[in-house]
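Residues per chain, in single letters:
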Amino acid sequence: MKRPVFFLCLFALGAAPADARDALGMFGAWGAFRDAGIPRCYAIAMPEAGARREVDPYADVGLWPKKGVRGQVHFRLSRRIQPGAAVQLTLAGQRYRLIGGGIDAWAADARMEAAIVAAMRSGEIMTVSSRDGAGRLFSDQYTLPGAATAIDAAALGCAAR
């Protein structure tokens, strides 16, 4: 059974006190939140239950209105990435090579972010995979129903500010 997304946000994104976050809604496995003090808004989800994890993984799509950032795609992976290993996102029949290291991965640029967010809107499942420190292949799989609504709720939450 998955833990609620709100619980994840309290611990995984720890940049601001928990009471500084406004929950904007839950949409399937996805939640939308606003950190008014930063300000930023984001849609976030945890992957399906999987194999061994070093950390609590999540996927998020963030907006920072004062910085002009919309739709930043980020993944906290369940294991540390082997140095030099590729990180791949598979979504709606497409494969995207992500950038990153340690336990984090991002889209390579704004064009890739836009393509990923567009595919998330109509997709059912997305999978992020790489190799861990021991060279073992691992993957984190996310269900996408509710993602589009959570992304829209986050955008609206920041538009009101």
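Residues numbered from 1 in each chain as written. Predicted model: local features only at pLDDT ≥ 70, side-chain atom pairs only at ≥ 80, totals over all residues. Heavy atoms only, no water.

Caption draft 1: Expanded view of the state of the cysteines. Counted under the stated rule, the structure contains 1 disulfide. What pairs with Cys41 in a disulfide is Cys158, and their sulfur atoms sit 2.1 Å apart. On the S-S bond that ties Cys41 to Cys158, the torsion sits near 105°, and the link is right-handed. Of this pair, Cys41 sits in strand β3 (residues 40-45) while Cys158 sits in helix α3 (residues 147-159); the two residues are 117 residues apart in sequence, bridging distant segments of the chain. Pair check on accessibility: Cys41 and Cys158 agree, each one buried. (Disulfide = S-S within 2.5 Å. Helix = DSSP H or I, 4+ residues; strand = E, 2+ residues; numbered from the N terminus. Buried < 20%, exposed > 50% of the residue type's maximum accessible area, 1.4 Å probe, protein only.)

Caption draft 2: Spatial organisation of the nonpolar core. One finds Trp30, Phe75, Ile116, Met120 and Met126 to be the most contacted residues of the largest nonpolar core, which totals 38 residues. No other element matches the 7 residues that α3 contributes to this core. (Core = buried A, V, L, I, M, F, W, Y, C linked by side-chain atoms within 4.5 Å.)

Caption draft 3: Region of the structure containing the sheet that holds strand β6 (residues 87-91). Pairing is antiparallel across the open sheet formed by 10 strands, whose spatial order is β1-β2-β3-β4-β5-β8-β7-β6-β9-β10. Single-partner strands in this sheet number two, and they are β1 (21-27) and β10 (137-143). Direction aside, the axes of adjacent strands within the sheet are offset by 25° on average. Along the sheet, helix α2 (residues 110-122) contacts β2 (30-35), β4 (58-64), β5 (69-76), β6, β7 (94-101) and β9 (125-131); its crossing angle with β7, the most-contacted strand, is approximately 125°. (Pairing = 2+ DSSP bridges. Axes fitted to C-alpha atoms, helices over the stretch in contact; angles between N-to-C directions. Contact = heavy atoms within 4.5 Å.)

Caption draft 4: A look at α3. When the terminal C-alpha atoms of α3 are compared, their 18 Å separation across 13 residues agrees well with the 18 Å that a helix rising 1.5 Å per residue should span. For α3, the complete set of buried residues consists of Ala147, Ala148, Ala150, Ile151, Ala153, Ala154, Ala155, Gly157 and Cys158. (Expected span 1.5 Å × (residues − 1).)

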